[in-house]
Each structure stands twice: as C-alpha cells, then as structure tokens.
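Architecture and fold: a report
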Amino acid sequence: MAFMTDRKRVTGLGASHTGTGAFWTMTVTSVALLILTPLFVFIFGPLLGEPHAEVIATLSRPFPAIVTGLMIVVGLYHFRLGVRVMIEDYAHGFAREAWIIVMTIASYALMAAGLFAVAKIAL
Amino acid sequence: MADVNRGNRPLSPHITVWRWQVNSITSILVRITGNAMFISAILIVWWLTAAATSESYFAFADGIITSFIGDVVMTLSLLGLWFHTLGGLRHLIWDTGRALDMETSDLMGWGMLFGSVVLTALTVIII
C-alpha cells in the first residue's frame, strides 16, 4: 500500500503529467554550457589542422579531455531536449513519435561515440 | 465530423502577416542555430573518432574539416554557437523575470546579432 494521497501524486505536474523537469534540465544544462562553451572552443579550435601527435598529446591531458567529454555529454543532452521541442512544434501524429525516437537515439549514439573517442585518446 | 474540411479553413494570423522584428528573428535564429549544430556535433565527433582510430584516418578527416568548405562550415558553426550561447544567456535572464520589456528585449536581440559576429571574429583571430 502506498502511503501517498492522490493530491500528492499530481501536485506540480501540470497538464503534461511530467512537471517542469524538461524546463529545469534545460536551465541547468544552459548554465553548464555557458561555462563549457568558451573552454571547449579554445581547446578544440586550435587543434584543428594540427598534427596527429599534437592532438593526442593535448587530449591526453586531464583538463582538455574532461572539458571535451563534458561538452559532448552536456551539449548533446541539451540538444536532445531542444530538438524534441522543435519536433513537437512541427511534426504531428506518427511522424512526431518517429522523429523523437530517431533523434533521441542519434543524440545518445553520438554522445557514446564522442565519449569513446575521448576516453581512448586520453587513457 | 470534426475533421471535415481540414486544411481548407481560414487560419489564425500566422508568421506571414506579422512585421519582422528583432525579437522574432533572434528567437527563430536561436532555434535554427541550436538544431543545425547537430551537424557540427557529428563532424566534431567524427574528427575525434578519427583521431582515436589512426594517424592516416585522422589526416583524412582533419583534411576535410580544414578544407575550404570545412572552414566555412566550422566558422558558421562557431557563429551559430556564439549566437545560441548569447540567446541562452538572454533566456536565463528572462527566466528570472527581468528584462522582459520591449526596449530591453530588443536591445538584447541586437546584442545577440552583433555580439555573435564580434565573438566569432575574435575567436577566429585568436585561434
């Protein structure tokens, strides 16, 4: 038996039944990306066009590797929620469900690939 | 019954009837830049996996991303990234209930448009 009243179960969840979780996650990831974006730009940017050994050496150091890993994870998590809002605005019915599934999978797949690459270089 | 004549009814006023303003343009651009950056993310992750794979494959990937077309794509990505970042900052300010009046909103919109160009130019110079 659950010691929870019906009122408690729905308070704060609103018409969508999911509450403000997506909004709050966007806020948190936005603040995180505000910090990560400049760091990532000035770590990744100078590496473009550099020799392979130079790239490996830089991404083997803790700070550049951690920033790159975080940028990939937080950025794509933020993207997953953002692209979902766009899909919900423009696609309807089956297409909406299909696009949300496709883009969610694509976001996590890219996240995994990026993390794998950084881990393999750094470790 | 409710679906009879769907698609042929008069629509409520939509984007085509409104005068363009900096607020709407910057809002639309935040959406476009945010979603278009998925392409940038794919390219960057591809470049990283190439670096993790082998020196010869990295040379191939790096050569494409630093080619003329690659430079154009990465510079546009940078512009989009700075614009979206400034747009996110504007949303964070708005979310606190501040700066919601028209004048400040317009000012922030122009700040995003010019600021992103300035930040992109500075980044390209520094890098």
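Up top is the structure these notes are about.
Because the structure is predicted, anything quoted here is derived from the model rather than measured.

**Examining the overall build of chain A**
Within chain A, the secondary structure is distributed over five helices and zero strands. In terms of overall dimensions, chain A has C-alpha extents of about 60 × 35 × 30 Å along its principal axes. The 123 residues of chain A split such that 34% are buried. In chain A, the share of contacts with a sequence separation of at least 24, taken over all contacts with a separation of at least 6, comes to 73%. Approximately 7400 Å² of chain A is accessible, and the part contributed by carbon and sulfur atoms is 72%. Here chain A contributes 8 positive and 6 negative side-chain charges, whose respective centroids are spaced 10 Å apart.

**Let's talk about the environment of Ala106 of chain A**
Residues and elements named next belong to chain A. Residue placement: Ala106 occurs in helix α5 (residues 93–122). Since its relative accessible area comes to 24%, Ala106 is described here as partly exposed. Sequence separation between Ala106 and Phe63 is 43 residues; the distance between their C-alpha atoms is 27 Å.

Cut-offs and rules
- Residues numbered from 1 in each chain as written.
- Chains lettered and ligands numbered in written order.
- Predicted model: local features only at pLDDT ≥ 70, side-chain atom pairs only at ≥ 80, totals over all residues.
- Heavy atoms only, no water.
- Helix = DSSP H or I, 4+ residues; strand = E, 2+ residues; numbered from the N terminus.
- Buried < 20%, exposed > 50% of the residue type's maximum accessible area, 1.4 Å probe, protein only.
- Contact = heavy atoms within 4.5 Å.
- Areas by Shrake-Rupley, 256 points an atom, 1.4 Å probe, with all protein chains shown as cover.
- Lys, Arg positive; Asp, Glu negative; His and termini not counted.
- Charge placed at Lys NZ, Arg CZ, Asp CG, Glu CD.

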